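Examining the three-dimensional arrangement
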Amino acid sequence: MNEYDVMQQKLLACEFEIGREIIGQRDVIRSVMLAILSGGNVLLEGMPGLGKTRLVNTISHVLNLSFKRIQFTPDLMPGDITGTNIMERNESGSAFRFEAGPIFANIILADEINRATPKTQSALLEAMQEHIVTVGNVSHKVPEPFFVLATQNPIETEGTYPLPEAQLDRFMFKIMVPFPTKEELAGIVGLTESVQQGAAQTVLNGEELQQAIQMAKEIKIADAVMDYILEIMMATHGGNKYVREGASPRAAQAIIRGAKARAFMEGRYNVSFDDVDAVVPAVLRHRLILSFDAVSDGVNEDMVVADIVKNVKAQMVAQNHV
Amino acid sequence: MDEKAYLLKWIKKVQKRMNTGILLRRSLEGLCVGLFIGTGVEVYAYLRPFYYSHVCSIIAVVLSLIVGIVIGCLQRRDMRAAAGRIDGFGLKERVATALDGIEDEDRMAQLQRSDAVRGLSSVESKIRIPLSIGWYRLISPVMLLVLMVLFFMMPSEARAMAKEKHEVERQIKEKLEEIEEAIKTIEDIDEESLTDREKEQLQSMMESLQSSYNEMEQSESLEDFERANQKLDYRYDQIAEALNQMAQNVEQREASNPQDPAQATPTPTPTPTPDPNNPNQNNGGEGDENEQGDGNSGGSNQQNPGGSNSTSQQLQNAAQQMNSHISTGSNNQNLNQPNGGNQPNGGNQPDGGNQPDGGNQPDGGNQPDGGNQPDGGNQTGGGNQPDGGNQPGDGNQPGDGNQPGDGNQPGDGNQPGGGNQPGGGNQPGGGNQPGGGGQPGGGGQPGGDDGNPGTNGGGGGGAGQGNGGGGAGSHHDYISLPNADGEDDDLYGIRGSGDGTGYARYENGLGWEGNHVDYNNVMGQYTDRAYQGIESGRYPSGMEDVIKEYFTSFN
């Protein structure tokens, strides 16, 4: 067993440990793990009470990473996130000292991110993309690994500020958290209401996680698979009446990174078409801007993405099997 | 075997199999398309005349097959596609990725290659690449082939029509080339030694041929072609005779005035156009001793006619060419004519019956139309004058000189007695007489008896067997009576001014002047006359059967 296999086993163990505290939601757990393994940020969308915050908390515990939660409210200020310079008086006089905000942690949970104003939301932009926070004239690096896991509520949209496209594009995945099944719900109730609560064990640490991220990057991708990804990307920019604006190049990078991470977690050294298919919805659903036709026809992003993937696949099959 | 070689071996194996399948599929599809087109063509040819249907069908099939093969070659799959195909057996793009990084030697590439080899080994026994030809690709060509062959073999009226039409087109093409050649030959004749009248005649000949060319070009059916061909043969005949005549005139002028042939007094040239005002035409029976002498010289001229490069030689050659065109056509139709047009020097004897001064005729002055007939060329059966033939040459036929109409009797050509004239031997030009080729009577001239004893015929005697006359089996719509009135029941009458005729020179050219009567109208008369001649013993013994057979053949 080589080092890649060892790491892959650890990641599977992480998944298993998370599953001890999060009943059901296997796909959500896997998607979040893929995003973390890809070094990306995740936007979780679901009804309140589905365990989003708990999920993030558990992940940070299993991965042994520092975790900060920021509850976004309309009156939250950027400085409340990034931190601020405060004047401090000492024996030699007074001086400004940077007081780091909650963003300086490995995992940030931006709870109900759409309730803060765009100004505050944008405070996350630089940190999410560059892993740097600039306060005044000084830039501060955030600790690595650094992930932003944001949540938003699809209902109660009154008084909220939908995330702008630029900010949405910074999220690698948008993961829909579904309502649990009856069996899962029973498990959740039994887990939380019993005296003996499940406790997830720590499996990895930050350093190992960074190694895993590096290993995932090394996964090979065949030209044919790369071509498939590019075809999907191009398909979002034309030929579909439900798409007003297609995905950015950053989406292609996200698909590749996500597919590599999935192949790594599956124990392979190469990306397959299935890996691509698995991550494409999470990557594209928040990056496509639908047209009025889609709204009027009741077509959502997932349906459009599925249609695009289906068409591209049929086209490639036709080319390869003349 | 190392991992790379193992992977490549399998990839190439699958690639070859895939390409074979593609090639077979495309070839069969191409064949199907070709057979479909071919069947369509054959069906079309079955319903509508299309001569080249078989060729087109075969070309369509072959071309489509080639196109199919070419497309199959162009659609050949590369190794990546083959690797992708192997991955289809549950290998999740392991082989394709390994092939892309086949030259990489980094750690991840090695691990990935090993992983691919492991995966491939595990599914090796399951890898089957079908050719995917499909039963329909095999059945369709067979069915289409059967269908095409069926229509290919099935006879139909349209097919026969197409064949006939094609044959006509082919013959028309040949004739057109032939006419062009003839026109060029006439054009090439050196006109320096010719008189103005002769030049005009040459011009008329070319116009006449051009007229035939146009008619031939516009022919669309077999009937049109035959009609045009008959006219053409007639024109050839007329032109040949006129050219011969012209050649003799030129020779005479050169002989009389070798220093300045161009200034020689032009002898009135007997033109192919009947000229009622021509005094020579009525000069029957004026043959005299001088004429006899001319006849001898004419005979000698046959052997060495006027030098190799002279105008007369050109004219003779041209005449020979015209006659050869006629005989070619006639031979095809008169294979049973013993001395048809194949007689050497037959119709090409420049000095044959066209000798205006055929003084060699033993009948001398008794032969009214013997050598003196300047319009002999216009006589369809000039040399075959039945009366002449019955005259043993003893000059006892006083009426000969009084039968000027003989020269105008077109039916003479049909009267086989012509060749039996004792004078016939002296009329070697029998073959040059227009009746020879086109006129049905021509070929029937059993002139083989030229050497009738007792005749004074010398010179070119037996040479003139006629042009292989016209064809017992040939079909004629009409009979040309150059000097007769078409409306006149008296076929032997002298034509008047000719104004009444619907044919005029400017319309039909030189060779088609005169009047025309329906073939059926005159055939009976000719037949009756022939049988009357047999009964009255006018023909040489032994020839009766030939004559009877000749006329019977028209029935």
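If you're wondering where the values come from, they're calculated on a predicted model, not measured in any experiment.

Side note on the overall build of chain B
The helix and strand inventory of chain B stands at 16 helices and 2 strands. Among the 555 residues that make up chain B, the fraction classed as buried is 52%. Of the contacts made within chain B by residues no fewer than 6 positions apart, 81% connect residues no fewer than 24 positions apart.

Considerations on the pairing of strand β6 (residues 132-135) of chain A
Residues and elements named next belong to chain A. Here β6 pairs with strand β7 (residues 138-141) via 4 bridges, running antiparallel. Residue pairing in the sheet places V133 in a bridge with H140 of β7. What sits between the antiparallel neighbours β6 and β7 is a turn of 2 residues, in which G136 has the positive phi angle 65°.

Quick look at the packing of helix α10 (residues 223-235) of chain A against helix α11 (residues 249-265) of chain A
The axes of two packed helices give the description: the angle between them and the distance between them. Residues and elements named next belong to chain A. Where α10 contacts α11, the axes come no closer than 10 Å and their chain directions differ by 145°. In this structure, α10 crosses over α11, and the sense of that crossing is right-handed. Along its contact with α10, which presents I229, L230 and M233, the element α11 presents A251, A252, I255 and I256.

Notes on the nonpolar core
Note that soluble globular proteins tend to have their nonpolar side chains buried in a common cluster. Of all hydrophobic cores here, the largest spans 115 residues; its most connected members are L37 of chain A together with V95 of chain B. Sort the elements by how many residues they give to this core and α11 of chain A lands first, with 9 residues. Setting aside chain neighbours within four positions, we find L37 of chain A in contact with L11, A212, I213, A216, A261, F264 and M265 of chain A. Residues Y236, A242, A247 and I326 of chain B belong to the second largest nonpolar core, which totals 27 residues.

A few points about the confidence of the model for chain B
Fine structural detail should not be taken from predicted coordinates in areas where pLDDT scores are low. All names here are of chain B. Summary statistics for chain B give a mean pLDDT of 66 and a share of 56% for residues scoring 70 or more. Here helix α13 (residues 440-443) stands out as the least confident element of chain B, with mean pLDDT 34; helix α2 (residues 53-74) is the most confident, with 93. Between residues 260-308, whose pLDDT stays under 50, and residues either more than four places distant or in other chains, the model counts 133 contacts. Every residue in residues 507-511 is under pLDDT 50, and counting partners more than four places away or in other chains gives 20 contacts. The complex model carries a pTM of 0.60, and its ipTM stands at 0.85.

Concerning the sheet that holds strand β1 (residues 41-45) of chain A
All names here are of chain A. The sheet built from 5 strands is open, its strands ordered β2-β5-β8-β1-β9 with parallel pairing. Across the chains shown, the open sheet's two edge strands, defined by having one partner strand only, are β2 (67-71) and β9 (171-176). For this sheet, the mean inter-axis angle between neighbouring strands, taken without regard to orientation, is 20°. With 5 bridges joining them, β1 and β9 adopt parallel strand pairing. Pairing of N41 across the sheet is with F171, part of β9. Along the sheet face, helix α2 (residues 26-38) touches β1, β8 (147-152) and β9 and points at about 175° away from the line of β9.

Remarks on unusual backbone geometry
Residue P145 of chain A follows E144 of chain A across a cis peptide bond; omega there is -10°. Structurally, P145 of chain A is set in the loop between β7 and β8. Even without glycine at this site, H131 of chain A takes up a positive phi of about 60°. Tracing the sequence through the fold places H131 of chain A in the loop between α6 (125-130) and β6. Of note, the phi angle at E93 of chain B is positive, near 60°, even though the residue is not glycine. Mapped onto the elements of the fold, E93 of chain B is located in the loop between α3 (79-87) and α4 (94-100).

Cut-offs used in this document
- What you see as residue numbers is a count from 1 along each chain, following the sequence as written.
- Just so you know, chain letters begin at A and ligand numbers begin at 1, following the order they were written in.
- Per-residue local features of the predicted model are confined to residues with pLDDT of at least 70, and side-chain atom pairs are confined, for both listing and counting, to 80 or more; whole-chain, interface and lining totals are unaffected and use all residues.
- What counts as a helix is a DSSP run of H or I of at least four residues, what counts as a strand is a run of E of at least two, and both are numbered from the N terminus.
- Partly exposed residues are those whose C-beta has more than 12 but fewer than 20 other C-beta atoms within 10 Å; 20 or more makes a residue buried and 12 or fewer makes it exposed, with C-beta atoms placed from the backbone.
- The contact criterion used is a C-beta to C-beta distance within 7 Å, with each C-beta placed from the backbone.
- One bridge is not enough; two strands pair if DSSP finds at least two bridges between them.
- Simply put, an axis is a line fit to the C-alpha atoms, just over the touching stretch for a helix, and the angle between two N-to-C directions goes from 0 to 180 degrees.
- Less than a right angle of anticlockwise turn of the near helix away from the far helix marks a crossing as left-handed, whereas a clockwise turn marks it as right-handed.
- To define a nonpolar core, we join buried Ala, Val, Leu, Ile, Met, Phe, Trp, Tyr and Cys residues through C-beta atoms within 7 Å and take the resulting set.
- The pLDDT value expresses, per residue, how confident the predictor is, ranging between 0 and 100.

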